[in-house]
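# Commentary on secondary and tertiary structure
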Amino acid sequence: MIFTVLAVTLGISIVVVVTRNLARQIRAVTVPVTAPALSAAALAWWATSDLGVFASDILAHMVLPVGVLTLISFGGWMLLTRSSMLEVIGEDFVLAARAKGLPSRVVRDRHVAHNAM
């Protein structure tokens, strides 16, 4: 476990250092374009080298923790969005939109959801 954490930390830090150094040397292309491309190249090299076995093992074991953290944060965002939507529904402009005769879907999607975000 410790070896895996150290390997991932070392791999990410090497990618970051190499990407930054190469991005500074290449002035013709902007950093937002070169950084992901160089990171992808470094990760591709890492996957095709002898460390590829470790890379696939790390990725396979990261599926469950990443999924759990995603679902936890998704639940929080849904509660926040619901609370904001319920707060905005009581506003005067929503009542005015309904009084104009707009369908409830249009009121919900265009007026309430837009202002709840």
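Everything in this summary refers to the structure shown in the same document. Here the structure is a predicted model, which means the values were calculated and not measured.

## Here we look at the overall build of the protein chain
Along the backbone of the protein chain there are five helices and zero strands. For the protein chain, the α and β elements follow one another from N to C terminus as α-α-α-α-α. Per-residue burial for the protein chain yields a buried fraction of 14% across its 117 residues. Put simply, of all contacts in the protein chain between residues at least 6 apart along the chain, 37% involve residues at least 24 apart. Carbon together with sulfur atoms contributes 71% to the accessible area of the protein chain, which is approximately 9,300 Å² in total.

## Here's the deal with the nonpolar core
If you look at the biggest cluster of nonpolar residues, it comprises seven residues: Met 85, Val 88, Val 94, Ala 97, Val 107, Val 112 and Ala 116. At three residues, the largest contribution of residues to this core is made by helix H5 (residues 104-116). Residues contacting Met 85, with those up to four places away along its chain left out, are Arg 108, Val 112, Ala 113 and Ala 116.

What counts, and where the lines are drawn
- Residues numbered from 1 in each chain as written.
- Predicted model: local features only at pLDDT ≥ 70, side-chain atom pairs only at ≥ 80, totals over all residues.
- Heavy atoms only, no water.
- Helix = DSSP H or I, 4+ residues; strand = E, 2+ residues; numbered from the N terminus.
- Buried < 20%, exposed > 50% of the residue type's maximum accessible area, 1.4 Å probe, protein only.
- Contact = heavy atoms within 4.5 Å.
- Areas by Shrake-Rupley, 256 points an atom, 1.4 Å probe, with all protein chains shown as cover.
- Core = buried A, V, L, I, M, F, W, Y, C linked by side-chain atoms within 4.5 Å.

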